[in-house]
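Topology and contacts: notes
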Amino acid sequence: MRPYYTIPILMYHNIDEQSRFSKLSVSPKSFEKQVAFIRKKDIDIISLQELIRCEHNRRSKKVCITFDDGFENNFLNASPILQKGNIRATIFVSTDHIGRKGYLSWEQLKDIAKSSNIMVGSHTKSHRWLPGMKTDELRREIIDSKKILEDRLGMPIEVLSYPLGGINPEVIAIAKEAGYVCACSTNPPKEYDETDPFTLRRIKITRTSDNLMLFSFKVSGYYNVLR
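Right, let's walk through the structure included here. On a predicted model such as this, the values are computed, not experimentally measured, just so you know.

1. A few points about the layout of surface pockets
- As a volume, the second largest pocket reaches approximately 180 Å³.
- If you go around the second largest pocket, you meet 13 residues; those closest to its centre are Met-11, His-13, Asp-68, Leu-164 and Thr-186.
- When grouped by side-chain class, the residues that make up the lining of the second largest pocket number four nonpolar, five polar and four charged.

2. Regarding the state of the cysteines
- Tallied over the full model, the rule gives zero disulfides.
- The closest cysteine sulfur to the non-disulfide-bonded Cys-182 is located on Cys-184, 5.7 Å from its own sulfur.
- Under the relative-accessibility criterion, Cys-182 is labelled buried at 1%.

3. Concerning the packing of helix H4 (residues 106–113) against helix H5 (residues 135–153)
- Relative to each other, H4 and H5 sit at 75°, their axes nearing to 10 Å. Here H4 is positioned roughly perpendicular relative to H5, judged by the angle of their axes. Contacts from Trp-106, Leu-109 and Lys-110 of H4 reach H5 at Ile-148, Leu-149, Arg-152 and Leu-153.
- Of the residues assigned to the contact of H4 with H5, the class counts are five nonpolar, no polar and two charged.

4. A few points about the packing of H5 against helix H6 (residues 169–178)
- Packing of H5 against H6 leaves a shortest axis separation of 10 Å and a crossing angle of 35°. In terms of crossing hand, the pair formed by H5 and H6 is right-handed. On H6, the residues that touch Thr-135, Leu-138, Arg-139, Ile-142, Ile-143 and Lys-146 of H5 are Glu-170, Val-171, Ile-174, Ala-175, Glu-177 and Ala-178.
- A class-by-class count of the residues in the contact of H5 with H6 yields seven nonpolar, one polar and four charged.

5. Topic: the environment of Asp-144
- Along the polypeptide, Asp-144 turns up in helix H5.
- A C-alpha to C-alpha distance of 32 Å links Asp-144 and Thr-6, two positions 138 residues apart in sequence.
- Once residues lying within four places of it in the same chain are set aside, the contact partners of Asp-144 are Lys-125 and Arg-139.

6. Things to note about the pairing of strand S6 (residues 89–93)
- Counted residue by residue, S6 has five buried out of five residues, so it is predominantly covered.
- Going residue by residue along S6, you find Ala-89, Ile-91 and Val-93 tucked away on one face and Thr-90 and Phe-92 tucked away on the opposite face as well.
- Note: strand S5 (residues 62–67) against S6, two bridges, orientation parallel. What sits directly across from Phe-67, in S6, is Ile-91.
- One ladder, built from five bridges, connects S6 with strand S7 (residues 118–122); its direction is parallel. Of the residues in S7, the one forming a bridge with Val-93 is Ser-122.
- The parallel pair S6 and S7 is bridged by H4, and the resulting crossover is right-handed.

Cut-offs used in this document
- Residues numbered from 1 in each chain as written.
- Predicted model: local features only at pLDDT ≥ 70, side-chain atom pairs only at ≥ 80, totals over all residues.
- Heavy atoms only, no water.
- 1 Å grid on protein atoms, 1.4 Å probe; cavity = no way out; pocket = protein on both sides within 12 Å on 5 of 7 lines; lining within 4 Å.
- Points joined across faces, edges and corners; volume = space filled by probe spheres on them.
- Nonpolar A, V, L, I, M, F, W, Y, C, P; charged D, E, K, R; others polar.
- Disulfide = S-S within 2.5 Å.
- Buried < 20%, exposed > 50% of the residue type's maximum accessible area, 1.4 Å probe, protein only.
- Axes fitted to C-alpha atoms, helices over the stretch in contact; angles between N-to-C directions.
- Helix = DSSP H or I, 4+ residues; strand = E, 2+ residues; numbered from the N terminus.
- Parallel < 35°, antiparallel > 145°, perpendicular 65-115°, else oblique.
- Contact = heavy atoms within 4.5 Å.
- Left-handed = near helix turned anticlockwise from the far one by under 90°.
- Pairing = 2+ DSSP bridges.
- Right-handed = clockwise from strand over helix to strand, strands pointing away.

Pasting the structure below:
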């Protein structure tokens, strides 16, 4: 089975108490248990940048943690858990949403940017579906969002998350042109190379992963084989 092992990239959204109403919500208590489970199983929690450098190193189990959409509860509920354990993670934000109700503010993002373990990534400007956009629109979404974040936060923005996982060859080409080192999708179509750092496949973590048996399978490195 070892040749089929791939480093799992976990994709979270909300960390809040709304899991009864939203499948994309994971309670802070469950998130803390999941992090503790990873640690107990001696799985290394690495950044996306580290994943790109060690993708073919399968000598030890690893996992990446990411958050999409830049919800304020990531700062309020997830960040303290990550900071306490010095756990690496990436929060992807759409620049047009920053400061809106329920989303991270610039001050909160600046606080996150000061951390050595939590990275900020771009989730484009407006979180629109990228495939089918005209080239100038794509450049605004992918390139301008990176520049805005770098100017406001004073740090390089190296990673991108495609909204809703939407990609096509032009989207990927512009992401590379923009200077990102990698980009995350969700379930890229089979015609895309899974080893391409610009079509990284992720595993969605929802309220169903409150069940640690299911969660253990998702972080095992073999979950993608049976998807």
